[in-house]
Number of protein chains: 2
Amino acid sequence: MYSIGIDIGGTGIQLGLVDEQGRIAHKGGIVTRTDIPFDQQVKAIADCVLETIAASGHSVEDISSIGVGVPGVVAPRTGHIAFCNNLGWKDAPFREEMQRWIDKPVHMDNDATVAGLAEYHAGVSAGTHSSVFITLGTGVGGGIVLGGKVWSGFHGVGSEIGHMIFEVDGEPCNCGNRGCLERYCSATAIIRMAREEVAKTPDSLVLQMAGGDPAKINAKIVFDAARENDPVGKAVFDRFVRYLAQAIVTIINFLDPEIVVLGGGVSKAGAFLLDAVRQAVPEYLLYKTLPCARIELAELGPDAGIIGAAMLGK
Amino acid sequence: MYSIGIDIGGTGIQLGLVDEQGRIAHKGGIVTRTDIPFDQQVKAIADCVLETIAASGHSVEDISSIGVGVPGVVAPRTGHIAFCNNLGWKDAPFREEMQRWIDKPVHMDNDATVAGLAEYHAGVSAGTHSSVFITLGTGVGGGIVLGGKVWSGFHGVGSEIGHMIFEVDGEPCNCGNRGCLERYCSATAIIRMAREEVAKTPDSLVLQMAGGDPAKINAKIVFDAARENDPVGKAVFDRFVRYLAQAIVTIINFLDPEIVVLGGGVSKAGAFLLDAVRQAVPEYLLYKTLPCARIELAELGPDAGIIGAAMLGK
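Residues numbered from 1 in each chain as written. Chains lettered and ligands numbered in written order. Predicted model: local features only at pLDDT ≥ 70, side-chain atom pairs only at ≥ 80, totals over all residues. Heavy atoms only, no water.

A few points about the state of the cysteines
Defined simply, a disulfide is a covalent bond joining two cysteines at their sulfur atoms.
Residue and element names in this part refer to chain A.
Phase 1: Under the criterion given, the structure shown has zero disulfides over all chains.
Phase 2: You can see Cys-175 has no disulfide; the closest cysteine sulfur is in Cys-180, sitting 3.6 Å from it.
Phase 3: The class for Cys-175 is partly exposed, based on a relative accessible area of 21%. (Disulfide = S-S within 2.5 Å. Buried < 20%, exposed > 50% of the residue type's maximum accessible area, 1.4 Å probe, protein only.)

Let's talk about the relation of the copies chain B and chain A
Phase 1: With an RMSD of 0.0 Å, the operation that places chain B on chain A is a rotation of 180° combined with a shift of 0.0 Å along the axis. Such values leave the two copies arranged in the relation of a two-fold axis. When each C-alpha of chain B is compared by its distance to the rotation axis, Glu-167 of chain B comes out closest, at 1.9 Å.
Phase 2: Comparing interface residues between copies, 100% of those in chain B also sit at the interface in chain A, which points to an isologous, same-surface contact. (Least-squares fit on C-alpha atoms with pLDDT ≥ 70 in both. Contact = heavy atoms within 4.5 Å.)

Quick word on the environment of Asp-47 of chain B
All names here are of chain B.
Phase 1: One can find Asp-47 in helix α1 (residues 38-55).
Phase 2: Given a relative accessible area of 28%, Asp-47 falls into the partly exposed group.
Phase 3: Spatially, the C-alpha atoms of Asp-47 and Leu-297 are 35 Å apart, while their sequence positions differ by 250 residues. (Helix = DSSP H or I, 4+ residues; strand = E, 2+ residues; numbered from the N terminus.)

Things to note about the sheet that holds strand β1 (residues 2-8) of chain A
All names here are of chain A.
Phase 1: Spatial strand order, β3-β2-β1-β4-β8: five strands in an open sheet with mixed pairing. Since the sheet does not close on itself, it has two edges, and those belong to β3 (24-31) and β8 (106-110), each with one partner. With direction set aside, neighbouring strand axes in the sheet form an average angle of 20°.
Phase 2: Sitting on the sheet, helix α1 (residues 38-55) touches β1, β2 (12-18), β3 and β4 (63-70), and the angle it makes with β3 is about 145°.
Phase 3: Its contacts with the sheet put helix α3 (residues 111-122) on β4 and β8, and the angle it makes with β8 is roughly 105°. (Pairing = 2+ DSSP bridges. Axes fitted to C-alpha atoms, helices over the stretch in contact; angles between N-to-C directions.)

A short note on the pattern of salt bridges
Residues and elements named next belong to chain A.
Phase 1: Enumeration according to the criterion identifies 34 salt bridges over all chains in this entry.
Phase 2: Among the ionic pairs, Glu-196 bridges to Arg-239, the shortest N-O distance being 3.9 Å. Of this pair, Glu-196 sits in helix α4 (residues 187-200) while Arg-239 sits in helix α7 (residues 231-254), placing them 43 residues apart in sequence.
Phase 3: Overall, Glu-196 belongs to the partly exposed group, its relative accessible area being 34%. (Salt bridge = Lys/Arg side-chain N within 4 Å of Asp/Glu carboxyl O.)

Brief notes about the interface of chain B and chain A
Phase 1: With 51 residues of chain B at the contact, the number on the chain A side is 51 residues.
Phase 2: Summed over both sides, the interface between chain B and chain A buries roughly 4700 Å², with carbon and sulfur atoms accounting for 65% of that surface.
Phase 3: There are two salt bridges connecting chain B and chain A.
Phase 4: Between Asp-169 of chain B and Arg-242 of chain A there is a salt bridge, with its nearest N and O atoms 3.0 Å apart.
Phase 5: At the junction of chain B and chain A, the tally comes to 30 residue pairs in polar contact (both at pLDDT 80 or more). (Buried area = accessible area lost by both parts, 1.4 Å probe. Polar contact = N/O pair within 3.5 Å; in protein donor to acceptor, adjacent residues only side chain to side chain.)

Some remarks on the confidence of the model for chain A
Phase 1: Considering every residue of chain A, the mean pLDDT works out to 95; 99% of them sit at 70 or more.
Phase 2: As a predicted assembly, this complex carries a pTM of 0.95 together with an ipTM value of 0.95. (pLDDT = per-residue confidence, 0-100.)

Remarks on the packing of α4 of chain A against α7 of chain A
Residues and elements named next belong to chain A.
Phase 1: Contact geometry of α4 with α7 gives a least axis separation of 10 Å together with a crossing angle of 140°. In this view, α4 runs oblique relative to α7, as classed from their interaxial angle. Two packed elements cross with a definite hand, and for α4 against α7 that hand is right-handed. Packed against α4, whose contacting residues are Ile-190, Met-193, Ala-194, Glu-196, Glu-197 and Val-198, the element α7 presents Val-232, Val-236, Arg-239, Phe-240 and Tyr-243 at the interface. (Parallel < 35°, antiparallel > 145°, perpendicular 65-115°, else oblique. Left-handed = near helix turned anticlockwise from the far one by under 90°.)

Here we look at helix α9 (residues 304-311) of chain A
All names here are of chain A.
Phase 1: The element α9 is extensively covered by neighbouring structure, given that eight of its eight residues are classed as buried.
Phase 2: Buried within α9 we find Ala-304, Gly-305, Ile-306, Ile-307, Gly-308, Ala-309, Ala-310 and Met-311.
Phase 3: Tucked into the core, α9 has its buried residues touching β1, β2, β3, β4 and α3.
Phase 4: Gly-313 occupies a position one or two residues after α9 and carries a positive phi of about 85°.

Here we look at the environment of Asp-91 of chain A
Residue and element names in this part refer to chain A.
Phase 1: Its place among the elements puts Asp-91 in strand β7 (residues 89-92).
Phase 2: On the accessibility criterion, Asp-91 (47% relative accessible area) is partly exposed.
Phase 3: Here the alpha-carbon distance between Asp-91 and Gly-79, two residues twelve residues apart in the chain, equals 9.2 Å.
Phase 4: Beyond its immediate sequence surroundings of up to four residues, Asp-91 is in contact with His-80, Ile-81 and Ala-82.

Remarks on the nonpolar core
Phase 1: Ranked by size, the top nonpolar core spans 137 residues in total, and within it Leu-273 of chain A together with Leu-273 of chain B carry the most contacts.
Phase 2: For this core, the element with the most residues is helix α7 (residues 231-255) of chain B, which contributes 15 residues.
Phase 3: Counting 29 residues, the second-largest nonpolar core is a separate cluster that includes Leu-15, Val-68, Val-74 and Trp-89 of chain B. (Core = buried A, V, L, I, M, F, W, Y, C linked by side-chain atoms within 4.5 Å.)

Description of the pairing of strand β7 (residues 89-92) of chain B
Residue and element names in this part refer to chain B.
Phase 1: Judged from the three bridges that link them, strand β6 (residues 80-84) and β7 form a sheet pairing that is antiparallel. Across the sheet, residue Ile-81 finds its bridge partner in β7, namely Ala-92.
Phase 2: The hairpin formed by β6 and β7 contains four residues between the paired strands, and Gly-88 there has a positive phi angle of roughly 75°.

Side note on the sheet that holds strand β8 (residues 106-110) of chain B
All names here are of chain B.
Phase 1: Taking strand neighbours across the sheet as the criterion, the five strands line up as β3-β2-β1-β4-β8 in an open arrangement whose pairing is mixed. The strands lining the two open edges of the sheet, one partner per strand, are β3 (24-31) and β8. Here the strands of the sheet are splayed against their neighbours by 20° on average, with no regard to which way each runs.
Phase 2: Here helix α3 (residues 111-122) sits on the sheet and contacts β4 (63-70) and β8; the angle it forms with β8, its principal contact strand, is near 105°.

Let's talk about the packing of aromatic side chains
Phase 1: In this structure the tally under the stated criterion is 19 aromatic pairs over all chains.
Phase 2: A ring pair is formed by Phe-83 of chain A and Tyr-287 of chain B, whose centres lie 5.6 Å apart and whose planes are at 20°; its orientation type is stacked. Separated into two different chains, Phe-83 of chain A in strand β6 (residues 80-84) and Tyr-287 of chain B in the loop between α8 (271-284) and β13 (294-297) make up a pair that spans both. By the burial criterion, Phe-83 of chain A is buried, and Tyr-287 of chain B matches it.
Phase 3: Ring plane angle 20° and centroid distance 4.4 Å describe the contact between Phe-237 of chain A and Phe-272 of chain A, whose orientation is recorded as stacked. Of this pair, Phe-237 of chain A sits in helix α7 while Phe-272 of chain A sits in helix α8 (residues 271-284), and the two are 35 residues apart along the sequence.
Phase 4: Residue classification places Phe-272 of chain A among the partly exposed residues on the basis of a relative accessible area of 25%. (Phe/Tyr/Trp six-rings, centres within 6.5 Å; stacked < 30°, edge-to-face > 60°.)

Structure follows, in structure tokens:
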């Protein structure tokens, strides 16, 4: 049997037939359209699912369930998608609408949670007792898997790691609070810190690589400059690593998972980031002589959303 | 059948026979002695257990297991007590030592965790899907119960809520880090904030109630002055409530339990504290229109340690 995994993004919707080991047998996708009503959006996704099943040489009878990862919040009680701002959905009855076209169980969860689940089934956290997946992107997301099951909390509003308070009365966050963790541990934070630094030290490789325009600084430029030992790049990188290490220790001190997995765009810095984080964490540990979570990079890349969505409800 | 629950404290060790509903049938206790070796400490506890069983009219055959709550850390892999600073224990083989005298299964966990488990079995969080218990005392401790089972993490170092980073680069903590949550949400924090305030505003009810001596300020004085609308007491109380509300929201955003329970000495302020916290939390919630954890006061009081310890391993 196969499951369908659907990864709903702001620009595209990727989906695939996934086998029980988390391997993608066949893929499909459509462009995300926000100019059509919700029911037509879901119909377009359902059509793509049916075409992809047909193109794979299988039939709907070979499909056990459909899983969906959304950049938003799912309300487990109602089975509705509570919020999905990129697509303009609010309290959207996705399951009912999808089942009008394909009569299979439909499971839904947050995209970061789904990526964490993918790593549990087919990636770096395979078979672990407990894992916390951290997406380091424009914001910071989280996925918690305990005993092989997604933990999104009792009300489905958990694993929002990016909005844990990390500096009380600190940097203003889009959510309305101050000092949320994602203001310190995201690509957005790296860019903000780099802009502050280049304002103080204009003669830097960071600014040079951004063509002299602070508005063009991105996280990759900062990390690349840090690799070249540019003082500005290095200062921002070190500060980011120090923040991220303390965020990981916060997760360890609260939930103590077997493994913490770093994913999202910023994690593409690979061993350069991972080695630095692993070196920084021990300083902040509460019990320095006891074992604690190992820290790893996500393995699965862009297919994680499809794989993890297909594994929802397993 | 009964279980034995043992609550190990820095000044006294309380224990009791507890039935399967979490009711204490008979109690005993001894003074904590740190002037004798570990094996004699355990022997004294075992003797008290046996005397308490005998005094209750039962026999060792009526006992299914022994549970122990320690102000420290248990290493689940070895079954040793990794740290218990008050008693001078380090990597202490409590289970083996106890089983020399009483051949029953011995379960151990952190005292805050045990208090949370007691509330799950016989208190305010009875039967909930998931709960986070917060002890607000000299420090801040935590107890996580998920699906009726204690969650202390994979390595047994979790639920250390007091050492989540709450203000990066903030107030120095005894643990060596800066900005730990317990620097903001404990009795110690209340006292520190009050001393800062009375230094600026000497003419306050807080200072008067402390006999004019800032060293004599305690959390109860501050809260009592706040109830009387003393500006200093009120300012510290409001700031504490704002911190605690953000700490609770951090827990909600990460784990999203069904219930958050406030225990420990500071929680004795009762409805005065609870009402203020419940009023402050919504401002900080990420998803203001979705349901989230209810916030309650612990119900069990000083017996929670005995009851929860007896429930370990159930």
